[in-house]
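Listed here are the chains, written in short residue letters.
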Amino acid sequence: MIEYHDDLQMSEAFVNTAFLALSGGLQDAYTYNVRDEVFSNAQTGNVVLMSQYFMSGQWEHILRYLFPILSFALGVWVAEKIQGRYRNARRLHWRQGILLAEILILFAVGFVPGSLNMVATALVSFACAMQVQSFRKVNGYSYASTMCIGNLRSGTAALSAYFRNHRREDMKKTLYYFGVIFFFAVGAGIGGNLSLRYGYRVIWISCLLLLISFLLMFFERFRFRDHLL
């Protein structure tokens, strides 16, 4: 169903969110499968593994997880600074600038050899953080394009509210959140299988997905809203 809505930005449209979620899932599977089993997005997993190695005295593994965590935090900080400085830019939307930076970083990661996996994972984590900080709403609902736990919580809560109140808005919210999770999972499946088969340059598929998102955003005021209902 298509509903006209003059004020909705393309950055919040579900079609754009789908490409971001595909890319986010691919990045996480890529670094885990071919970059020493380190997550680029799921920093909770990195904290768990880092703490486990710390408690067991396996010091040589700690930096492998610490660097992506710090890099992710730095990516959020940089994205927030870019937003504050360029949010009123006319020629290019600041979110498109973030996407261009992310594309260039991930393209460079495809050339990083296995001997520098720690650097590669830190770069991917930095790029992921800029994305998740910059794209935080889908059709007005807060979400994350590079991780699932918040989306799962919000989607399940909305589903529970629907069965309690039978409001159409709650079901719509549920489908948006689970739709994002679905595309993240598809991206992870593609990224995991292809990276195991073809190696480091599979991350370039993520660059292609982000390029599509970048081009979509030239429609800054989305004239119609794509509904799942």
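Here the structure is a predicted model, which is why all the values come from computation and not from measurement. (Residues numbered from 1 in each chain as written. Predicted model: local features only at pLDDT ≥ 70, side-chain atom pairs only at ≥ 80, totals over all residues. Heavy atoms only, no water.)

(A) How the structure looks around the environment of Leu99. By the element assignment, Leu99 lies in helix 4 (residues 94-109). Between the alpha carbons of Leu99 and Phe214 there is a distance of 6.3 Å; along the sequence they are 115 residues apart. (Helix = DSSP H or I, 4+ residues; strand = E, 2+ residues; numbered from the N terminus.)

(B) Spotlight on the side chain of Asp170. Here Asp170 lies in helix 7 (residues 168-198). A relative accessible area of 3% places Asp170 in the buried class. At 3.0 Å, the side chain of Asp170 and the side chain of Arg167 are in polar contact. Setting aside its immediate chain neighbours within four residues, Asp170 contacts Ala158, Ala161, Tyr162 and Asn165. (Buried < 20%, exposed > 50% of the residue type's maximum accessible area, 1.4 Å probe, protein only. Polar contact = N/O pair within 3.5 Å; in protein donor to acceptor, adjacent residues only side chain to side chain. Contact = heavy atoms within 4.5 Å.)

(C) Inspection of the packing of helix 4 against helix 5 (residues 117-134) at higher detail. Two elements in contact, helix 4 and helix 5, have axes separated by 9 Å at closest approach and are oriented at 165°. As the angle between them shows, helix 4 and helix 5 are arranged roughly antiparallel. Seen along the crossing, helix 4 lies across helix 5 with a hand that is left-handed. Contacts between helix 4 and helix 5 involve Trp94, Arg95, Ile98, Ala101, Glu102, Ile105, Leu106 and Val109 from the former and Ala120, Leu123, Val124, Phe126, Ala127, Cys128, Met130, Gln131 and Ser134 from the latter. In terms of residue class, the contact of helix 4 with helix 5 is made up of 13 nonpolar, 2 polar and 2 charged. (Axes fitted to C-alpha atoms, helices over the stretch in contact; angles between N-to-C directions. Parallel < 35°, antiparallel > 145°, perpendicular 65-115°, else oblique. Left-handed = near helix turned anticlockwise from the far one by under 90°. Nonpolar A, V, L, I, M, F, W, Y, C, P; charged D, E, K, R; others polar.)

(D) Spatial organisation of a nonpolar patch on the surface. Together, Leu92, Leu100, Leu208, Leu211, Leu215 and Phe218 make up a nonpolar patch on the protein surface, roughly 520 Å² of accessible area in all. Per-element accounting of the nonpolar patch gives the leading share, 3 residues, to helix 8 (residues 203-216). With respect to the element layout, Leu215 can be found in helix 8. (Patch = residues over 30% accessible without salt bridge, like charges linked within 9 Å, V, L, I, M, F, W, Y side chains within 5 Å. Areas by Shrake-Rupley, 256 points an atom, 1.4 Å probe, with all protein chains shown as cover. Salt bridge = Lys/Arg side-chain N within 4 Å of Asp/Glu carboxyl O.)

(E) Just helix 4, in detail. The terminal C-alpha atoms of helix 4, which comprises 16 residues, lie 23 Å apart, in line with the 22 Å expected from a rise of 1.5 Å per residue. Where helix 4 is buried, its residues meet helix 1 (14-34), helix 3 (62-86), helix 5 and helix 8. (Expected span 1.5 Å × (residues − 1).)

(F) Structural detail: the packing of aromatic side chains. Following the criterion strictly, the structure yields 11 aromatic pairs and no others. Through a chain of ring-to-ring contacts, three or more aromatic side chains come together here, namely Phe14, Tyr176, Phe182 and Phe183. Positioned above the aromatic ring of Tyr200, the side-chain terminus of Arg35 is 4.0 Å from the ring centre. (Phe/Tyr/Trp six-rings, centres within 6.5 Å; stacked < 30°, edge-to-face > 60°. Lys NZ or Arg CZ within 6 Å of the ring centre and 35° of its normal.)

(G) Structural context of helix 5. For helix 5, which comprises 18 residues, the first-to-last C-alpha distance of 26 Å matches the rise-based estimate of 26 Å (1.5 Å per residue) to within 8%. Of all 18 residues in helix 5, 15 are buried, a share of seventy percent or more.

(H) Structural view of the packing of helix 6 (residues 149-165) against helix 7. Contact geometry for helix 6 and helix 7: axes closest at 8 Å, N-to-C directions at 155°. Compared by their axis directions, helix 6 and helix 7 come out roughly antiparallel. For the pair helix 6 and helix 7, the sense of crossing is left-handed. Facing Asn151, Leu152, Ser154, Gly155, Thr156, Ala158, Leu159, Ala161, Tyr162 and Asn165 of helix 6, the residues of helix 7 in contact are Asp170, Met171, Lys173, Thr174, Tyr177, Phe178, Val180 and Ile181. By residue class, the composition of the contact of helix 6 with helix 7 is 10 nonpolar, 6 polar and 2 charged.

Without other data, these values stay purely geometric and don't point to any function.
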